[in-house]
Amino acid sequence: MWEGSYESEPFDLRLTVLRMFRNLRWIVLFTLLGTLIFGGGYYVKKVLLGEKPRYEQTITCKIEYTDPPVQSGDYYINEMTWNTYLDSGEFRRMLFNLPQFATMDLDPGMIEMELSAAVASDIHVPSVTVSTFHEKATEMFSDAVQTVLEGEFAESLLEVASIRVIDVSDIALVRPDVRPLRAVILSALLSCFFTVIMMLLREIGADSIWLPATLHKRYGLKTLGTIHSEEFCENAGYLFKNLQNIAVCAADDKINPQDATRSVKEIIQGNENPRKNWFAVPSPILCPEAAGTLRQAEGVLLVVEAGMNVGKPLERVLEYFATQDVKVTAALLWNADEELIREYYFARTKKRMETKAV
């Protein structure tokens, strides 16, 4: 049974980086797409459909308890309880039962009021913030809240002796915290990061073959290189020396063995013994009975397609060859990225090497 040599194939950082540069256009495309989706979504939600600026005024109160809290377990009103009181229907009833609201026909936009409380440090000094979309409405509701806090609301709390307003801030226009530029930059960075990660996982897990050396390191096959390699003729002359009938077999059904055989003959024409017979054999994937022809051949040249997800089909063919006792003399990487190979080996384009007749 054929066995792979994956353990002897280390992670190739250089090849991975070169492949990532080959996918640069996809990285840029998905980064722009992610930026458009997330950054654009933020802009639509926060800017186009976002809240309008609000007017706020903060009321600071001094609260006196009937039984001042001095130790753990004593009663006091914390921040959460203050907000519960302000959001309650009882407090709103007290507010709108004031004389100034009795005969007033309030516009719905005017009564979109928000109340919030905070206890910054001292439980005796809470603060209440009144917020609306209109400056006059904010001032009007702030006065009403002050009246309710010092009057009916304070009287309704048995544990509270009195509530006194000690400070009222100026009305301030508060705009929503919207940062579209930061959102776009963050979307671009995150989109680029996750795109690169996905591309890396795709490259690492795709079982790809980009270099002729991979055929030897991973599958233990001797290789002629690629059809355009400078060493192709020399390797062919050595590996197929004294062999006359040589079968050219495609490992993948995507490869036409006739085209591969014709290309091999054209390249080594004039450099080989004219008695050599290079003949095409269908891929075992398409024609399993071709194994008989391959066993009768003196040499077998296995043509392997370069690219992604080609490792498993090659393993299937090698397993079939091992069962059928077909010995592969050499392999040829087909449709390889010649520029990638040159960049990988820091090689320059050279004239194909000449070799003697074999």
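Scroll up a little and you will see the structure.
Below, the structure is looked at part by part.

Thresholds applied
- Residues numbered from 1 in each chain as written.
- Predicted model: local features only at pLDDT ≥ 70, side-chain atom pairs only at ≥ 80, totals over all residues.
- Heavy atoms only, no water.
- Pairing = 2+ DSSP bridges.
- Helix = DSSP H or I, 4+ residues; strand = E, 2+ residues; numbered from the N terminus.
- Axes fitted to C-alpha atoms, helices over the stretch in contact; angles between N-to-C directions.
- Contact = heavy atoms within 4.5 Å.
- Disulfide = S-S within 2.5 Å.
- Buried < 20%, exposed > 50% of the residue type's maximum accessible area, 1.4 Å probe, protein only.
- Core = buried A, V, L, I, M, F, W, Y, C linked by side-chain atoms within 4.5 Å.

What follows covers the sheet that holds strand β9 (residues 299-305). With parallel pairing, 5 strands are arranged side by side in an open sheet as β6-β10-β9-β7-β8. Every other strand in the sheet has two partners, leaving β6 (223-226) and β8 (277-281) as the edge strands with one partner each. Here the average twist between neighbouring strands, direction ignored, is 20 degrees. Of the pairings in the sheet, the one linking strand β7 (residues 245-250) to β8 comprises 5 bridges and is parallel in character. Paired with A247 across the two strands is F279, which belongs to β8. Sheet strands touched by helix α9 (residues 232-239): β6 and β10 (330-334). Its angle to β6, the strand with the most contacts, is close to 160 degrees.

Scanning all chains against the criterion turns up 0 disulfides. For the unlinked cysteine C249, the closest cysteine sulfur is that of C287, found at 9.4 Å. For C287, a relative accessible area of 18% gives the class buried.

Core analysis: the biggest nonpolar cluster contains 36 residues, and I209, L215, L221, L294, L302, L314 and F321 have the highest contact counts within it. Contributing elements (two or more residues each) for this core: α1 (13-22), α8 (212-219), β7, α11 (290-296), β9, α12 (311-323), β10 and α13 (338-344). Counting residues per element, this core draws most heavily on α12, at 4 residues. Ignoring anything within four residues of it in the chain, the contact list for L294 reads A247, C249, V281, V300, F321 and V326. Formed by 31 residues, the second largest nonpolar core is a distinct cluster that contains W82, F101, V145 and V165.

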